[in-house]
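Structural characterization, general
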Amino acid sequence: MTEQHVDHPLAAAVKPLLDAVGATPVPLDEAKAEDVVLEWEGIPALAVRLPHLSSALDRLLAEMTRQFDGRPLAELDRWEKQRVVALLEERGAFTVRHGVETVASALGVSRFTVYNYLNRQDSSKPS
């Protein structure tokens, strides 16, 4: 990013959000049509490049690892793995193609086990 964008108060304000969603700040003069331009007091201040959907699940799994004290997900106990599946479902992880397979691999369980965790959640929700 150019110096003017790095120092802009908007860049500092949105940095935690961009980091959380895997977005990248882009200098205005390098912005593409698909980038989101953020304005500050009505003046374009910063462009944001959104991540590709394919990396979303990887980011979600990395976030789960951070939430569970940095331990590899495969080393979590059963209750913790069920919690990971519940959190990932809340965040839409299973709408991504091959989401169940990717999560199962990260957790060191079978797809069948992930489906069981998901079904267990569905049956515990009030109708």
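Residues numbered from 1 in each chain as written. Predicted model: local features only at pLDDT ≥ 70, side-chain atom pairs only at ≥ 80, totals over all residues. Heavy atoms only, no water.

By the naming in an unreviewed UniProt entry, the chain goes by Helix-turn-helix domain-containing protein and is assigned to Kitasatospora cathayae.

1. Thoughts on the pairing of strand β2 (residues 36-40)
For a regular strand, the rule is simple: side chains alternate between the two faces of the sheet. Pairing of β2 with strand β3 (residues 43-49), which is carried by 5 bridges, proceeds in the antiparallel orientation. Paired with Val37 across the strands is Ala47, a residue of β3. Hairpin connection between β2 and β3: a loop of 2 residues separates the two successive antiparallel strands, and Glu41 in this loop has a positive phi of roughly 55°. (Pairing = 2+ DSSP bridges. Helix = DSSP H or I, 4+ residues; strand = E, 2+ residues; numbered from the N terminus.)

2. Looking at the side chain of Glu80
Mapped onto the fold, Glu80 is located in helix α4 (residues 78-90). Of the residues examined, Glu80 reaches a relative accessible area of 13% and is grouped as buried. When sequence neighbours within four positions are dropped, the list of residues in contact with Glu80 reads Phe68 and Arg71. (Buried < 20%, exposed > 50% of the residue type's maximum accessible area, 1.4 Å probe, protein only. Contact = heavy atoms within 4.5 Å.)

3. Quick notes on the pattern of salt bridges
What the rule picks out here adds up to 5 salt bridges. Between Glu80 and Arg71 there is a salt bridge; the shortest N-O distance is 2.7 Å. Arg71 gets classed as partly exposed once you look at its relative accessible area, which sits at 28%. (Salt bridge = Lys/Arg side-chain N within 4 Å of Asp/Glu carboxyl O.)

4. Quick look at the nonpolar core
Core analysis: the biggest nonpolar cluster contains 19 residues, and Leu73, Val84, Val85, Leu88, Val103 and Val114 have the highest contact counts within it. Looking at this core, the elements with two or more residues in it are α3 (56-67), α4, α5 (99-107) and α6 (111-124). Ignoring anything within four residues of it in the chain, the contact list for Val103 reads Leu57, Leu61, Val85, Leu88, Phe94 and Val114. The next biggest cluster of nonpolar side chains, apart from the first, holds 8 residues, and it includes Leu10, Ala11, Leu18 and Val48. (Core = buried A, V, L, I, M, F, W, Y, C linked by side-chain atoms within 4.5 Å.)

5. Section: unusual backbone geometry
Located in the positive-phi region is Asp69, a residue other than glycine, with phi close to 60°. Examined against the element boundaries, Asp69 turns out to sit in the loop between α3 and α4. A relative accessible area of 68% places Asp69 in the exposed class. In this model, His98 sits at a positive phi of 65°, which is unusual for a non-glycine residue.

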